[in-house]
Amino acid sequence: MKMYSGRFAFTLSVILFFTIIPNIQKSHAANEVHDRIFKPTSSPFSTALETLQKQIGYNFQNVGLLRRAMTHGSFSEENNRALSILGGNVIETSASLRLLGKDIDISSKDLNRRLSEISKVESSCTSDGMRLGLQKVVRVSPKTNSSTPGVVCSAFRAMFGAIALDIGKADDAGDIFWNVHGGDVGVGDALAWKNECYWLVNTHSELSFMPYNLNADELPSPIA
């Protein structure tokens, strides 16, 4: 009787072994396939967004907002146009508060001039964006040059519109702008003009003139 019991136990063990092990292997293989399909991978664009967040000193709660801010209208219908408008308003409002806080008697003409200097596409806005390398981050169509001032400035403004939405406070987004822009109202603008001249010389060799008759050798190096 003991012999039959031993044979039965052995037979049962063999059956269980050959029944369970293949199922475990199948389950493991299925998990590997699932991980390959659903596990998020780090694309070059995602890596660039992570680097950008470190540069500006702000980590998005909803990184999808930053993804949209770095998406040009030529690339997708889900683009940064609306965020760029919001970001431009954030920057101008923050600059206005600083200027009026320092001089409540500033004339409307001077106020508008200073706001124009800090936000216009051709200088400050593009210079700040180029320093961050946004021309290498923003997604555009194959036919669109990501280094043009309009594209870079739009992405730069949209970034602060995205921050304002992510935080829920325009003032905080304005503070981050000043950290990126580099100091006080007017200080960053002078640096921006120099950087813009440098950018023009090095990206538009066909230009036969320089602002204020400066030669390329007389221009300062870009200011980081």
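As recorded in an unreviewed UniProt entry, the protein chain goes by the name Protein nuclear fusion defective 2, listed as coming from Quercus suber.

Caption draft 1: Representation of empty space enclosed by the protein within the structure. The tally for this structure, following the rule as stated, stands at one cavity of 30 Å³ or more. The volume enclosed by the largest cavity comes to roughly 30 Å³. Lining the largest cavity, in full, are Ile 91, Ile 118, Ser 119, Ser 124, Cys 125, Asp 128, Phe 156, Arg 157 and Phe 177. Among the secondary structure elements, those contributing two or more residues to the lining of the largest cavity are helix H5 (108–119), helix H6 (121–132) and helix H7 (149–167). Among the elements that take part in the lining of the largest cavity, H6 stands out by supplying three residues, more than any other. Partitioned by chemical class, the residues of the lining of the largest cavity number five nonpolar, two polar and two charged.

Caption draft 2: The side chain of Ser 84, seen in detail. By the element assignment, Ser 84 lies in helix H4 (residues 81–102). Using a relative accessible area of 11% as the deciding quantity, one classes Ser 84 as buried. At a separation of 3.4 Å, a polar atom in the side chain of Ser 84 contacts the main-chain carbonyl oxygen of Ser 154. Those residues in contact with Ser 84, other than ones at most four positions away along the chain, are Ser 154, Arg 157 and Ala 158.

Caption draft 3: Quick look at the packing of aromatic side chains. One pass over the structure, following the stated rule, counts five aromatic pairs. Their ring planes at 75° and their centres at 5.0 Å tell us that Phe 156 and Phe 160 sit as a pair that is edge-to-face. With Phe 156 and Phe 160 both in helix H7 and four residues apart, this pair spans about one turn of that helix. With 4.9 Å between their ring centres and 65° between their planes, Phe 177 and Trp 178 make a pair best called edge-to-face.

Caption draft 4: Structural view of the state of the cysteines. In this structure the tally under the stated criterion is one disulfide. Put simply, Cys 125 and Cys 153 are joined by a disulfide, and their sulfur atoms are 1.9 Å apart. The S-S bond linking Cys 125 to Cys 153 shows a torsion near 110°; that makes this disulfide right-handed. One end of the pair, Cys 125, is in helix H6; the other, Cys 153, is in helix H7, and 28 residues separate them in sequence. Note on Cys 125: relative accessible area 2%, which makes it buried. The buried category is assigned to Cys 153, whose relative accessible area is 1%.

Reading the values: the criteria
Each chain carries its own residue numbering, running from 1 in the direction its sequence is written. At least 70 in pLDDT is required for a residue's local features to be given in this predicted model, at least 80 for side-chain atom pairs to be given and counted, and no such filter applies to totals for whole chains, interfaces and linings, which use all residues. As a rule here, side-chain values come from all non-hydrogen atoms in the structure, and water together with hydrogens is ignored. Cavity and pocket criteria rest on a 1 Å grid covering protein atoms alone: a 1.4 Å probe that fits but cannot get out defines a cavity, protein on both sides within 12 Å along at least 5 of 7 lines defines an open pocket, and an atom within 4 Å of a point defines a lining residue. Grid points are joined across faces, edges and corners, and a volume is the space filled by probe spheres set on the points. The way it works is that DSSP assigns letters per residue, a run of H or I at least four long becomes a helix, a run of E at least two long becomes a strand, and they are numbered from the N terminus. Residues are grouped as follows: Ala, Val, Leu, Ile, Met, Phe, Trp, Tyr, Cys and Pro are nonpolar; Asp, Glu, Lys and Arg are charged; every other residue, Gly included, is polar. A simple rule labels every residue: compare its accessible area, found with a 1.4 Å probe on the protein chains alone, to the largest value its type can have, and call it buried under 20%, exposed over 50%, or partly exposed in between. Under this definition, polar contacts are N or O atom pairs within 3.5 Å; protein pairs additionally need one hydrogen-donor-capable and one acceptor-capable atom, and for neighbouring residues in sequence, both atoms have to be side-chain atoms. Any two residues having at least one pair of non-hydrogen atoms within 4.5 Å are treated as being in contact. Pairing of aromatic rings covers Phe, Tyr and the six-membered ring of Trp, with a centre-to-centre limit of 6.5 Å; geometry is then stacked below 30 degrees between planes, edge-to-face above 60, and tilted otherwise. Disulfide assignment relies on a single distance test, namely cysteine sulfur atoms paired within 2.5 Å.

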